[in-house]
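# Summary of structural features
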Amino acid sequence: ILYGLPHCDDQVSQWPTKDSIKKCEEMGYCPSVFILKPGQMVHINKGRLHAFRKMSSAQLPKTDCHCDLRDHILSSLQPSESLCCASIAWDWMYKGISPEGINREVSSILECARLNRSRRLQSLAIPETTLLYLAKNVIADFRGQK
């Protein structure tokens, strides 16, 4: 379901349940279920299926894969403490180093953008604009070397 609803604010995806995480593990997958603490960061490799949500004090269904983790954090808060959760994403595009690698990477990101457009889904990345700025900088660097 997460493949079909990547970034649609008006559609709510089903969050993984404890049972779905167990089934993934039984199939040989290695899902990570965790809550970042203040100051911690996570790197998600390119192309990895992922989902995240911000910490809140809202109750989760007991079957939700984050229920026990969230309950533990909430029970450790002092009554005067409040939750403040912010996320900062640094999205980047690996462009490759060889002509073949560059072609493969650029083709892949453009194909993903095309598929999202055809399905009327919003992409987080804007690869066409990124590639135009990359071309502009490469031309400027080339002209500066003459």
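Described in the following lines is the structure provided in the data block. (Residues numbered from 1 in each chain as written. Predicted model: local features only at pLDDT ≥ 70, side-chain atom pairs only at ≥ 80, totals over all residues. Heavy atoms only, no water.)

## So, the environment of I73
Here I73 lies in helix α2 (residues 67-76). Distance in space between the C-alpha atoms of I73 and K37 is 9.5 Å, their sequence separation being 36 residues. When neighbours within four sequence positions are excluded, I73 is seen to be in contact with I35, K37 and M55. (Helix = DSSP H or I, 4+ residues; strand = E, 2+ residues; numbered from the N terminus. Contact = heavy atoms within 4.5 Å.)

## What about the packing of aromatic side chains?
For the structure shown, the criterion picks out 0 aromatic pairs. Seen from the ring of W15, R53 lies directly overhead, with NZ or CZ sitting 4.4 Å from the centre. (Phe/Tyr/Trp six-rings, centres within 6.5 Å; stacked < 30°, edge-to-face > 60°. Lys NZ or Arg CZ within 6 Å of the ring centre and 35° of its normal.)

## A look at a nonpolar patch on the surface
Nonpolar side chains collect at one region of the surface, where F34, L36, V42, I44 and F52 lie side by side and expose about 460 Å² of accessible area between them. With respect to the element layout, V42 can be found in the loop between α1 (18-26) and α2. (Patch = residues over 30% accessible without salt bridge, like charges linked within 9 Å, V, L, I, M, F, W, Y side chains within 5 Å. Areas by Shrake-Rupley, 256 points an atom, 1.4 Å probe, with all protein chains shown as cover. Salt bridge = Lys/Arg side-chain N within 4 Å of Asp/Glu carboxyl O.)

Such coordinate-based values are descriptive only and should not be taken to indicate function.
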